[in-house]
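Summary of structural features
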Amino acid sequence: MLWLIYIKFHKTAPAQCEYERWDWSRKHPVIKLSFSGVARTTAEMRQDIRNLFHENEERFGVVCRDAEDIGGCFRELIRRTCEQHGQRVVILIDEYDKLILDNLDQQEIALEAREILKDLYSTIKDCDEFIEFAFLTGVSKFAKVSIFSGLNNLLDISLHEKYATICGYIEKDLAEVFQQHLKDADMDRVREWYNGYNFLGAESVYNPFDILLFINNKLKFSNYWFATGTPTFLIKLIRQRNYFIPQLEKLQVSNALLDSFDIQDIQLEAVLFQAGYLTIQSVEQTGAVTLYTLTFPNLETRYSFNDVILGYLTSQTAEKARFQSAVYAALQEACL
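Residues numbered from 1 in each chain as written. Predicted model: local features only at pLDDT ≥ 70, side-chain atom pairs only at ≥ 80, totals over all residues. Heavy atoms only, no water.

Counting secondary structure elements, the chain contains 13 helices and 8 strands. The buried share of the chain, reckoned over its 336 residues, is 46%. Put simply, of all contacts in the chain between residues at least 6 apart along the chain, 72% involve residues at least 24 apart. Here the chain displays about 17800 Å² of accessible surface, and carbon together with sulfur accounts for 51% of that area. (Helix = DSSP H or I, 4+ residues; strand = E, 2+ residues; numbered from the N terminus. Buried < 20%, exposed > 50% of the residue type's maximum accessible area, 1.4 Å probe, protein only. Contact = heavy atoms within 4.5 Å. Areas by Shrake-Rupley, 256 points an atom, 1.4 Å probe, with all protein chains shown as cover.)

Given below as structure tokens:
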């Protein structure tokens, strides 16, 4: 799942935000930070951030006086780039939470990573006059007091109806854009395998990663997205909490639980939802509380997640295969 947080600093009239009325001759320098690498120590994290700053400094011809001061260096990069180009800067940050997520199994390091990122992101607010807008994307949704305590102008569009299909393909995309590529595919099975993600919009979306690889692999069904990473931390959390796995099929939670989580109070349901293993099936308003019913979005996540659980419980490959066969046979018999 991809959480989107959009920060708008300098508002313009609504008409100016429309595509056909936008002034495309106006250009802004873009500072890009992508935390896609894996850093397991705070020293590596700080060095990765310094390297990202250096790449941007080279592109814009500016120099940071003290590279060791992350917050100060970021502030200089923003201010000097704006002054050099005569335009406010645009800031794009991808995987803003990666340094924390990669260390959730080491809480002390995760907490240190949180403080590093808090120092970094608070700089954005301090440099308001030099910034046109900032756009942050990531997997999880941490509480604002956690790493965004210095930012009070966040506009979270993660579950905004207007942007509900921004991170996936809809039926129209498959019927029009990918029509030639999918003409020989069993579309009912494609929906069963890769559709089902709901971000409170009018329709659910397909996982784009799966669809592209499905086409590239000659319409062969496989768990393409799930295979990109095994949720080891989640398995450990399930074991620690002695969690009842069947409960995940029809899980009801409140908006308070889904809204965010903190490193020192990790709720399994929130992590599963934010990481894309669960999605919203229905919404119910009970007084002042919004209740969400969560479930697996599709066959890929349901099968793959249970396969990982089974593999964890039965470390022997032969045993896992035997259990799988027995389970599948029981399910098939129950459906007859």
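Looking now at the confidence of the model for the chain. The predicted model of the chain averages 83 in pLDDT, with 82% of residues at 70 or higher. Between residues 11–16, whose pLDDT stays under 50, and residues either more than four places distant or in other chains, the model counts 4 contacts. (pLDDT = per-residue confidence, 0-100.)

Pairs can form between side chains of opposite charge once their charged atoms are near each other. In the structure shown here, the tally under the stated rule is 11 salt bridges. R50 is the partner of E68 in a salt bridge, and the nearest nitrogen-oxygen pair spans 3.4 Å. Of this pair, E68 sits in the loop between α1 (42–60) and α2 (70–85) while R50 sits in helix α1, and the two are 18 residues apart along the sequence. In this structure, D188 engages R191 in a salt bridge whose closest nitrogen and oxygen atoms are separated by 3.0 Å. Taken as a pair, D188 and R191 lie in helix α7 (residues 187–194) at a separation of 3 residues, close to a single helical turn. When its relative accessible area of 58% is taken as the criterion, D188 is described as exposed. Sharing partners across several salt bridges, the network here consists of R26, R88 and E132. (Salt bridge = Lys/Arg side-chain N within 4 Å of Asp/Glu carboxyl O.)

Right, let's talk about the packing of α1 against helix α4 (residues 107–126) for a bit. At a minimum axis distance of 10 Å, the contact between α1 and α4 shows a crossing angle of 25 degrees. As summarised for this structure, α1 and α4 are arranged roughly parallel, according to the angle between their axes. The two elements α1 and α4 meet at a crossing, and its hand is right-handed. In contact with T42, M45, R46, I49 and F53 of α1, α4 contributes I109, E112, A113, I116 and L120. (Axes fitted to C-alpha atoms, helices over the stretch in contact; angles between N-to-C directions. Parallel < 35°, antiparallel > 145°, perpendicular 65-115°, else oblique. Left-handed = near helix turned anticlockwise from the far one by under 90°.)

Bringing the state of the cysteines into the picture now. What makes a disulfide is a covalent bond joining the sulfur atoms belonging to two cysteines. Summed over the entire model, instances satisfying the criterion amount to 1 disulfide. The residue that forms a disulfide with C64 is C73, at a sulfur-sulfur distance of 2.4 Å. Here the two residues C64 and C73 agree in accessibility, since each one is buried. For the unlinked cysteine C82, the closest cysteine sulfur is that of C127, found at 9.8 Å. (Disulfide = S-S within 2.5 Å.)

For the rest of this paragraph, the subject is unusual backbone geometry. With the exception of glycine, most residues fall at negative phi, and the peptide bonds are largely trans. Positive phi is not limited to glycine here, since L200 has a value of about 70 degrees. Judged by relative accessible area, which is 26%, L200 ranks as partly exposed.

Side chains three or four residues apart in an α-helix point the same way, a direct result of the helix having 3.6 residues per turn. Between its first and last C-alpha atoms α2 spans 22 Å; for 16 residues at 1.5 Å apiece the expected length is 22 Å, and the two agree. Listed as buried for α2 are I70, G71, G72, C73, F74, E76, L77, I78, T81 and C82. In the core, the buried residues of α2 are packed alongside β2 (30–34), α1, β3 (89–94), α4 and β4 (131–138). Following α2 by one or two positions, G86 adopts a phi angle in the positive range, close to 70 degrees. (Expected span 1.5 Å × (residues − 1).)

Now for the nonpolar core. Where a protein is soluble and globular, its nonpolar side chains tend to be buried together. F74, I91 and Y121 are the most contacted members of the largest nonpolar core, which totals 74 residues. No other element matches the 9 residues that α4 contributes to this core. By size, the runner-up hydrophobic cluster in this structure holds 14 residues, among which are F178, L182, Y206 and F221. (Core = buried A, V, L, I, M, F, W, Y, C linked by side-chain atoms within 4.5 Å.)

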